[in-house]
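The lines below spell out each chain.
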Amino acid sequence: MAAAQKDDAVVSGAVKVGLAPMAGFTDMPFRILCGERGADFAVSEMISATALTRGDAKTADLAATDPREKPCALQIFGHDPATVAEAAAALAGSRPLAIEINMGCPVKKIVSSGDGSALMKDPDLAGKITEAASRAAHAAGLPLWVKIRAGWKKGEVTAPAFADALVSAGADRITVHGRTRDQMYAPSSDNGVIRAVKEKIGKRAEVFGNGDVDGPESAIRMIKETGCDGLLVGRAALGDPWIFGRIKAALAGEDTPPLPTKEERVSAAIRLLRDVCALYGEERGVRESRGRAARFIKGIKGSAAVRDRLNHAETEAEFKDILSRLI
Ligand SMILES: Cc1cc2nc3c(=O)[nH]c(=O)nc-3n(C[C@H](O)[C@H](O)[C@H](O)COP(=O)(O)O)c2cc1C
C-alpha cells in the first residue's frame, strides 16, 4: 500500500469493523469464521419480533450464540413498539453485544408488513419503537442500535433527520447503508449520506457506515469520506472472511496479509459445512452449504464443475469429498 494511504490509515486504527447482518448467511458458524479472521463483532440475521414473542422454536434458534464467536449483536424486525420491546427483553437474556432494530430491509415481504425500511416512511412510529426497545435494552444494560438506509425513495434522502429522531428516542448507534429502499443494491452506495448522518448526530451516538466495502481501499475511503465511527462489511465477506484481517491491518497502518490460498479457502468451506451441518442437521446443512461453498471456491480452476456436483450432493461426507478434490 502507498505510504500516503498508510498515514491516513494509522489515524483510523481504532475503527471497529463488523460483519453486516445477512439473512441466510450470518449465522453462528459463519460468524465464528469471520471473528477468527479479524472481524471485531457481528450482527445476527434478522429475527422476527412477532415470531419470537409467540414462542416459535425455529426463530429462537436464530438467536443462538456461541462462546467461540466475537461479540454479536442480535437484530430484530417488527413494527409494534410493545412487541419489539418484548423481543428485545427476551433476547437480552442471552447477553448479546447489543440489540439492533432493522429499519433498512428493502424486501417486499418485509416492507409490506410495515417492517424494515417501511419504517423510514413513518418516523413517529420508528421513534416509538426505538424508545420502547431502548428502554428494554438499557434496563438489561445493553446498547440499542438501529440499522437504516438513506431513505425510502431515490432523491428523498431522509436519513439525517430520521437518525436524529432515533437518537433522541434512545438509540446508541445508527448504522447507515448508503442506498434508498428503491435502490435495493444498485447503483453504488453513497458515502455522502453517511457523512450527513454523522454530521447531524455528532458525538451524541455512534454512526457506522455500510455499503460496498470490498477491501482495504474502500474501507479507508469510507472512513475518510464520512468520519464514521466504524463500518460493516456484508456481501464481500461471504466467501472471504479474511477480508476483515486485511481491512484491520490496513487501518492500523500495517502491511495487509496476502489473499487466502486455495487450500485455505477450501478448508474454510469444509469447516463451515461441518459447523452448519452440526447446527441444522445433515439434510438442511448440506442444502444451506451449497451457495456458501460456491462463494468460497469461486475463481478456483475447476470450481464451476465442482459447484454443479455440490448441487447434487446429499450427504456431508459426499459434499466434503467433492470439495477436498479441489486441493
Ligand atoms: C443476502 C442478504 C441478506 C441480508 N439480510 C439482512 C438482514 O437480515 N438485516 C439487515 O439489516 N440487513 C440485511 N442485509 C443488508 C446488509 O446487511 C448490508 O446492509 C448490505 O448488503 C450492504 O452492504 P454490503 O455492500 O457490504 O453488502 C442483507 C443483505 C444480503 C445481500
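Residues numbered from 1 in each chain as written. Predicted model: local features only at pLDDT ≥ 70, side-chain atom pairs only at ≥ 80, totals over all residues. Heavy atoms only, no water.

**Remarks on the confidence of the model for the protein**
Overall, the predicted model of the protein reaches an average pLDDT of 95, with 96% of residues at or above 70. Per-residue pLDDT stays below 50 along residues 1-7; that stretch engages in nine contacts with residues further than four places along the chain or on separate chains. (pLDDT = per-residue confidence, 0-100. Contact = heavy atoms within 4.5 Å.)

**Examining empty space enclosed by the protein**
Applying the stated criterion across every chain yields a total of one cavity of 30 Å³ or more. In terms of lining, the largest cavity is formed by Ala-269, Leu-272, Leu-273, Ser-289, Arg-292, Ala-293 and Phe-296. Broken down by secondary-structure element, the contributors of at least two residues to the lining of the largest cavity are α12 (262-280) and α13 (282-297). Counting residues per element, the lining of the largest cavity draws most heavily on α13, at four residues. Partitioned by chemical class, the residues of the lining of the largest cavity number five nonpolar, one polar and one charged. (1 Å grid on protein atoms, 1.4 Å probe; cavity = no way out; pocket = protein on both sides within 12 Å on 5 of 7 lines; lining within 4 Å. Points joined across faces, edges and corners; volume = space filled by probe spheres on them. Helix = DSSP H or I, 4+ residues; strand = E, 2+ residues; numbered from the N terminus. Nonpolar A, V, L, I, M, F, W, Y, C, P; charged D, E, K, R; others polar.)

**Overview of a negative patch on the surface**
Together, Glu-282, Glu-283, Glu-314 and Glu-318 line one region of the surface with negative charge. Along the polypeptide, Glu-318 turns up in helix α15 (residues 316-324). (Patch = residues over 30% accessible without salt bridge, like charges linked within 9 Å, V, L, I, M, F, W, Y side chains within 5 Å. Areas by Shrake-Rupley, 256 points an atom, 1.4 Å probe, with all protein chains shown as cover. Salt bridge = Lys/Arg side-chain N within 4 Å of Asp/Glu carboxyl O. Lys, Arg positive; Asp, Glu negative; His and termini not counted. Charge placed at Lys NZ, Arg CZ, Asp CG, Glu CD.)

**Brief notes about the sheet that holds strand β8 (residues 230-233)**
One closed barrel holds the eight strands; their spatial order is β1-β2-β3-β4-β5-β6-β7-β8, and the pairing between them is parallel. Direction aside, neighbouring strands of the sheet carry axes that sit 30 degrees apart on average. Relative to strand β7 (residues 206-210), strand β6 (residues 173-180) runs parallel, the two sharing five bridges. Following the sheet pairing, Thr-175 is matched in β7 by Phe-208. (Pairing = 2+ DSSP bridges. Axes fitted to C-alpha atoms, helices over the stretch in contact; angles between N-to-C directions.)

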